[in-house]
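Coordinates in review
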Amino acid sequence: MHEAVLSIEDAAGVRTLRLQRPALHNAFDARLIAELTAALEAAGADASVRVVVLAGAGASFSAGADLQWMRGMAAASEAENRRDAEALARLMRTLDELPRPTLARVHGAAYGGGVGLVACCDIAIGTEQARFGLTESRLGLLPAVISPYVIAAIGPRQARRWFASAETFDAATAQAIGLLHQVVPAQELDAAVARQVRLLMAAGPHAVGAAKTLVREVAAGRDRDRLDHDNAALIARLRVSAEGQEGLSAFLDKRPAAWVPQED
């Protein structure tokens, strides 16, 4: 039997997907890509899941592509490489568009595709010791598949530098350019993640899920008149929905909304 490459942990509406290739710093191969994609799709379809946390076992978050896998793909045909790249693209799109809030718990190395995972998550928290790199150009390649998400996170100007130079950078730089939202000492990482989870769990589940769609559509620079129409329709729909009615009533009644977890 194959050893597990991904663990799935559920706790009170929070699903943690943990990459489980610690000896290889959670490097990607075809199996890990397929299993993580399937796990994300399942989380998005499960109404009991309200937050998804993405983490890595061992010393790193994810060091990018598995060297043995890359060696195999170098010997494969262009058509085979296209299918392989399309599988990675599906993973990134699934994570980016997941109808649940996502949070990256980052420590150790996050290189290549690992940076892509961080960029696709809604919130990213890393340790002070975390290291990052888009090192593909050293191999005569580029981070093409992950580029839409990384560019959305750090902007074109920063992407031009890091894509071309393949230079590695630290957590402080990752925060400064927009890849990380928060940097904490290693011993405070779990507490920082738990705090963000509590904030997400206190918000309306449907509103949180719709937030990324709203941001994506506004950022896409669509026709302004159409955007105003659609956004007005969205807020009107939310206000009269069961969730919106409960949220407004709870606020006016000065009580927690029904979806807020009750403390023991």
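In this report, the structure presented in the accompanying data block is examined. Nothing here was measured: the structure is a model prediction, and the numbers come from that model.

Another aspect to go through is the pairing of strand E2 (residues 14-19). Within E2, 6 of the 6 residues are buried, which leaves it mostly tucked inside the rest of the structure. Covered by surrounding structure in E2 are Val14, Thr16 and Arg18 together with Arg15, Leu17 and Leu19, the residues of both alternating faces. Pairing between strand E1 (residues 6-11) and E2: 6 bridges, direction antiparallel. In the strand pairing of E2, Glu9 is matched with Thr16. Following E1, the chain reverses through 2 residues before pairing antiparallel with E2; Ala12 in that reversal takes a positive phi of roughly 50°. The pairing of E2 with strand E3 (residues 51-56) spans 6 bridges and is parallel.

Turning to the sheet that holds strand E6 (residues 123-127), a few remarks are in order. By definition, the strands of a sheet pair up through backbone hydrogen bonds, in either a parallel or an antiparallel sense. With mixed pairing, 6 strands are arranged side by side in an open sheet as E1-E2-E3-E4-E6-E9. Each having just a single partner strand, E1 and strand E9 (182-184) make up the two edges of the open sheet. On average, each strand axis in the sheet is inclined to that of its neighbour by 20°, with strand direction left out of account. Set on the sheet, helix H4 (residues 113-120) makes contact with E2, E3, strand E4 (102-106) and E6; between it and E4 the angle comes to about 140°.

Bringing the nonpolar core into the picture now. Ranked by size, the top nonpolar core spans 48 residues in total, and within it Leu36, Val106, Leu117, Phe132 and Leu179 carry the most contacts. Examining the composition of this core, we find that 6 residues originate from one element, helix H1 (residues 30-45), more than from any other. Beyond its immediate chain neighbours, meaning those up to four positions away, Val106 contacts Phe61, Val118, Ile125, Gly126, Thr127, Ala130, Phe132, Leu180 and Leu189. With 14 residues, the next largest nonpolar core counts Val197, Leu200, Met201 and Val208 among its residues.

Let's shift gears to the sheet that holds strand E8 (residues 168-170). Read from one edge to the other, the open sheet built from 3 strands follows the order E5-E7-E8, with strand pairing classed as mixed. Taken across any chain shown, the strands that pair with only one partner, and hence form the sheet edges, are strand E5 (109-111) and E8. Pairwise comparison of adjacent strand axes, ignoring direction, gives a mean angle of 20° for this sheet. Pairing analysis gives 3 bridges linking strand E7 (residues 131-133) to E8, with the strands arranged antiparallel. Bridge pairing in E8 places Phe132 opposite Phe169.

Here we take up the packing of helix H3 (residues 78-96) against H4. One can describe the packing of H3 onto H4 by two numbers: an axis separation of 8 Å at closest approach and a directional angle of 25°. In terms of their interaxial angle, H3 and H4 are classed as roughly parallel. Note on packing geometry: the crossing formed by H3 with H4 is right-handed. Across the interface between the two elements, Leu91, Met92, Leu95 and Asp96 from H3 touch Gly113, Gly116, Leu117 and Cys120 from H4. Looking at the contact of H3 with H4 residue by residue, the classes come out as 5 nonpolar, 2 polar and 1 charged.

Overall, the coordinates contain 13 salt bridges when judged by the stated rule. Linking Glu97 and Arg93 is a salt bridge whose minimum nitrogen-to-oxygen distance equals 3.7 Å. Among the residues examined, Glu97 registers a relative accessible area of 36% and is labelled partly exposed. In the salt-bridge network here, residues are joined through shared partners; they are Asp10, Arg15 and Asp46.

Tracing the backbone through its elements, the reader meets Ala220 in the loop between helix H9 (205-219) and helix H10 (224-240). When the C-alpha atoms of Ala220 and His107 are compared, they prove to be 31 Å apart, with 113 residues separating the residues in sequence.

A word on the packing of aromatic side chains. Applying the stated criterion across every chain, the model contains 2 aromatic pairs. Judged by centre distance (5.7 Å) and plane angle (15°), the rings of Phe132 and Phe169 are stacked. Linking Phe132 in strand E7 with Phe169 in strand E8, this pair joins segments that are 37 residues apart in sequence. With a relative accessible area of 0%, Phe132 lands in the buried category. By relative accessible area, which is 3% here, Phe169 ends up buried. With a centroid separation of 4.5 Å and 45° between ring planes, the pair formed by Trp162 and Phe169 is classed as tilted. Here Trp162 and Phe169 have matching classes, each one buried. Among the aromatic residues, those joined into a ring-pair cluster are Phe132, Trp162 and Phe169. The ring of Trp162 has Arg161 sitting right over it, with the charged end atom 4.1 Å from the ring centre.

Here is what the cut-offs are and how they apply
- Within each chain, residue numbers correspond to sequence positions counted from 1 in written order.
- A pLDDT threshold of at least 70 governs which residues receive local features in this predicted model, and a stricter bar of 80 or more applies before side-chain atom pairs are shown or counted, although totals over entire chains, interfaces and linings include all residues.
- Values reported for side chains reflect all heavy atoms of the structure, with hydrogen atoms and water molecules removed beforehand.
- A simple rule labels every residue: compare its accessible area, found with a 1.4 Å probe on the protein chains alone, to the largest value its type can have, and call it buried under 20%, exposed over 50%, or partly exposed in between.
- Secondary structure follows DSSP: runs of H or I at least 4 residues long count as helices, runs of E at least 2 residues long count as strands, and numbering of each begins at the N terminus.
- At least two DSSP bridges between two strands are required for those strands to pair.
- Axis definition: a line fitted to C-alpha atoms, over the contacting stretch in the case of helices. Angles run 0 to 180 degrees between N-to-C directions.
- Should any heavy atoms of two residues lie within 4.5 Å, those residues are considered in contact.
- By nonpolar core we mean a set of buried residues, namely Ala, Val, Leu, Ile, Met, Phe, Trp, Tyr and Cys, connected to one another through side-chain atoms within 4.5 Å.
- Throughout, the term roughly parallel applies to angles under 35 degrees, roughly antiparallel to angles over 145, roughly perpendicular to angles from 65 to 115, and oblique to all others.
- Definitions for this section: a left-handed crossing has its near helix turned counterclockwise from the far helix by less than a right angle. A right-handed crossing has that turn clockwise.
- Gly is put with the polar residues, along with every residue not named as nonpolar or charged; the nonpolar set is Ala, Val, Leu, Ile, Met, Phe, Trp, Tyr, Cys and Pro, and the charged set is Asp, Glu, Lys and Arg.
- A pairing counts as a salt bridge when a side-chain nitrogen of Lys or Arg comes within 4 Å of a carboxyl oxygen of Asp or Glu.
- Working definition: rings of Phe, Tyr and Trp (its six-membered ring) pair if their centres are within 6.5 Å, and the pair is stacked with planes under 30 degrees apart, edge-to-face with planes over 60 apart, and tilted otherwise.
- By the criterion adopted, a ring carries a charge over it if an Arg CZ or a Lys NZ lies within 6 Å of its centre and within 35 degrees of its normal.

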